[in-house]
Amino acid sequence: MIVGRYWLQTLGCPKNQVDSDKLEGYLEAQGYDRALDPDSADLVVVNTCAFIDAARQESIETVLQLAETRRNGARLVVTGCMAERYGDELRDALPEVDLVAGFGRDLTGAPGRTVGAVPITLGAARTASEAGTTHAFDLRELPRPSSRAPWAYVKVAEGCDRICGFCAIPSFRGKQRSRSSREVLAEVDALLAPAPGAPPLREIVLVAQDLASYGRDRSGPGRRTRTANGTSPIATLTRAVSARVERTRLLYLYPSGLTDELIEAVLNTGVPYFDLSLQHVSRPLLARMRRWGDGERFLRRIADIRAADADATFRSSFILGYPGETERDHDLLLQFLHEAQLDWAGFFPFSNEVGTHAAGLEDQVAPELALERLRECAELQDAITAAKRDRLIGEVRRVLVDAPGQGRTVHEAPEIDGIVHLPADLPVGGLVDLVITGAEGPDLHGRPALVRELV
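The rules we used
- Residues numbered from 1 in each chain as written.
- Predicted model: local features only at pLDDT ≥ 70, side-chain atom pairs only at ≥ 80, totals over all residues.
- Heavy atoms only, no water.
- Pairing = 2+ DSSP bridges.
- Helix = DSSP H or I, 4+ residues; strand = E, 2+ residues; numbered from the N terminus.
- Core = buried A, V, L, I, M, F, W, Y, C linked by side-chain atoms within 4.5 Å.
- Buried < 20%, exposed > 50% of the residue type's maximum accessible area, 1.4 Å probe, protein only.
- Contact = heavy atoms within 4.5 Å.
- Axes fitted to C-alpha atoms, helices over the stretch in contact; angles between N-to-C directions.
- Parallel < 35°, antiparallel > 145°, perpendicular 65-115°, else oblique.
- Left-handed = near helix turned anticlockwise from the far one by under 90°.
- Nonpolar A, V, L, I, M, F, W, Y, C, P; charged D, E, K, R; others polar.
- Patch = residues over 30% accessible without salt bridge, like charges linked within 9 Å, V, L, I, M, F, W, Y side chains within 5 Å.
- Areas by Shrake-Rupley, 256 points an atom, 1.4 Å probe, with all protein chains shown as cover.
- Salt bridge = Lys/Arg side-chain N within 4 Å of Asp/Glu carboxyl O.
- Lys, Arg positive; Asp, Glu negative; His and termini not counted.
- Charge placed at Lys NZ, Arg CZ, Asp CG, Glu CD.

(A) Region of the structure containing the pairing of strand 18 (residues 443–448). The sheet contact formed by strand 16 (residues 420–421) and strand 18 spans two bridges and is parallel. Following the sheet pairing, His421 is matched in strand 18 by His445. Pairing of strand 17 (residues 431–440) with strand 18 involves six bridges; the strand directions are antiparallel. Residue pairing in the sheet places Leu434 in a bridge with Pro448 of strand 18. The turn linking strand 17 back onto strand 18 is made up of two residues, and Gly441 within it adopts a positive phi angle of 60°.

(B) Up close: the nonpolar core. Counting residues in hydrophobic clusters, the biggest one holds 84 residues, and the most contacted among them are Phe274, Phe318 and Phe336. Here Phe336 is in contact with Leu278, Val281, Gly295, Phe298, Leu299, Ile302, Phe318 and Leu342, once residues within four sequence places are set aside. Within the second largest apolar cluster, twelve residues are counted, among which are Ala149, Val205, Trp344 and Ala413.

(C) View of the packing of helix 2 (residues 53–69) against helix 3 (residues 81–93). Orientation of helix 2 relative to helix 3, taken along the N-to-C sense of each, is 85°, at an axis distance of 12 Å. The pairing of helix 2 with helix 3 is recorded here as roughly perpendicular in orientation. The residues of helix 3 that touch helix 2, namely those facing Arg56, Ser59 and Ile60, are Met82, Arg85 and Tyr86.

(D) Structural context of the packing of helix 10 (residues 327–340) against helix 11 (residues 367–390). Helix 11 packs onto helix 10 with a crossing angle of 15° between their chain directions and a minimal axis gap of 10 Å. Classified by the angle between their axes, helix 10 and helix 11 sit roughly parallel to one another. Between helix 10 and helix 11 the crossing geometry is right-handed. In this structure, helix 10 uses Glu327, His330, Leu333, Leu334, Leu337 and His338 to contact helix 11, whose residues at the interface are Leu369, Arg373, Glu376, Cys377, Leu380, Gln381 and Ile384. Each residue belonging to the contact of helix 10 with helix 11 can be placed in one class, and the counts come to seven nonpolar, three polar and three charged.

(E) Spatial organisation of the sheet that holds strand 2 (residues 32–34). Ordered in space as 2-1-3-4-5, the five strands form an open sheet in which the pairing is parallel. Strands with a single pairing partner mark the edges of an open sheet, and in this sheet they are strand 2 and strand 5 (99–100). Bridge count between strand 1 (residues 4–10) and strand 2: three bridges; the pairing is parallel. Across the sheet, residue Tyr6 finds its bridge partner in strand 2, namely Arg34. In the packing of helix 1 (residues 14–29) onto the sheet, contacts are made with strand 1, strand 2, strand 3 (43–48) and strand 4 (75–80), and the angle to strand 1 comes to roughly 175°. Taken strand by strand, helix 3 contacts strand 3, strand 4 and strand 5, and its axis lies near 125° from that of strand 4.

(F) Local environment of the sheet that holds strand 9 (residues 203–207). Within the open sheet, the three strands sit side by side as 6-9-10. Their pairing is parallel. Each edge of the open sheet carries a strand with a single partner, namely strand 6 (151–155) and strand 10 (247–250). When strand polarity is set aside, the average angle formed by the axes of neighbouring strands in this sheet is 25°. Judged from the four bridges that link them, strand 9 and strand 10 form a sheet pairing that is parallel. Residue Glu203 lies in a different strand from strand 10, and its bridge partner there is Arg247. On the sheet, helix 6 (residues 233–242) packs against strand 9 and strand 10 and is oriented at approximately 155° with respect to strand 10.

(G) The arrangement of a negative patch on the surface in detail. Together, Asp331, Glu372, Glu376, Glu379 and Asp382 give the surface a local cluster of negative charge. Of the residues forming the negative patch, the biggest block, four residues, is contributed by helix 11. Topologically, Glu372 is positioned in helix 11. By relative accessible area, which is 49% here, Glu372 ends up partly exposed.

This is how it looks when you write it as structure tokens:
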């Protein structure tokens, strides 16, 4: 029996989208049906992001907009990272909201209706037993609805053990808790059985706060990841997922975790896509960030991968204006971008997060200067990306049709990178060979290849 209609608005990163997928499955299991739009919903849920100030502002603006447009009697619930991090503050600051529910709370909050809590522990404890609770399952293991697209995110771990100076995620997402490979593969297998009318699932995108460290927090042989003879849990998992689906993609790899075994596993998937979380290239500045590496090491690793596969694709993200960043540091980053020739890159101004190591550092960079440096980097990278896309014109590439008139090669991650515009009559979920006929900035245009063009 349908007890109400829900609308779930997701903000932030792919990991949040996985949480929303699980919440959808949870609500539908309680009898809720998906509304066609937020105005017709009985329950409006906003899964928020709290990573940086801009993300928090977007979350608040979204909540206020939905509060204004919801129908009379509809309940508005805020969950996700902002609810976890700022629960009490958020309740006081947003009287328009009926419930601020961190994971582990009842999302419906409806009087007289018992639905139960969203079962997950996001505190510092690694396991339910360590937290003193006895959940038989948590949000990571809840079943999820079938994918409506020919690809799906799969979250393999929650939390992070890193101590990056700018990041507050461990303070509210807790330490890393990896799922077992059995649990992950069971979810993949379930997703590969699409609902009637849904397109076939062609691509699995593995995500986590620190994907390269997957499995290191679990007991057993998989913990021997830093020894010469130890196997990498994420490489092993990548191979197992790749054996089940045409495309396997990994997002968010800490550079020191990019081992030879993991590189080989990624290249063997046929999706030579490396999303490296670099953040900067100046060694002194990275040390202030409490991070590993420098530009020279990064360039050598990229060169090694390109030597193994000249078609490898690289994405990264960088912070501009971290405390203590000098003109010399900025020049090093510009030089790195020119030499690395990354396919994709995102740039973000430093966000001073309360409670992080960086919040107490001296030599804060003026926001105006950080934005100026960001624009300079973005302008350089946009030109590099556009030139790389132009060089694909005339080539034949296999494209996954994501939606009518839209697809991706292996070089584009869903919802993040550019797309391929293609004929609208190609079936969603199909893998088709296209001749690339044009490029517009990050996007490509293609048409079906003739047989003689494939020879």
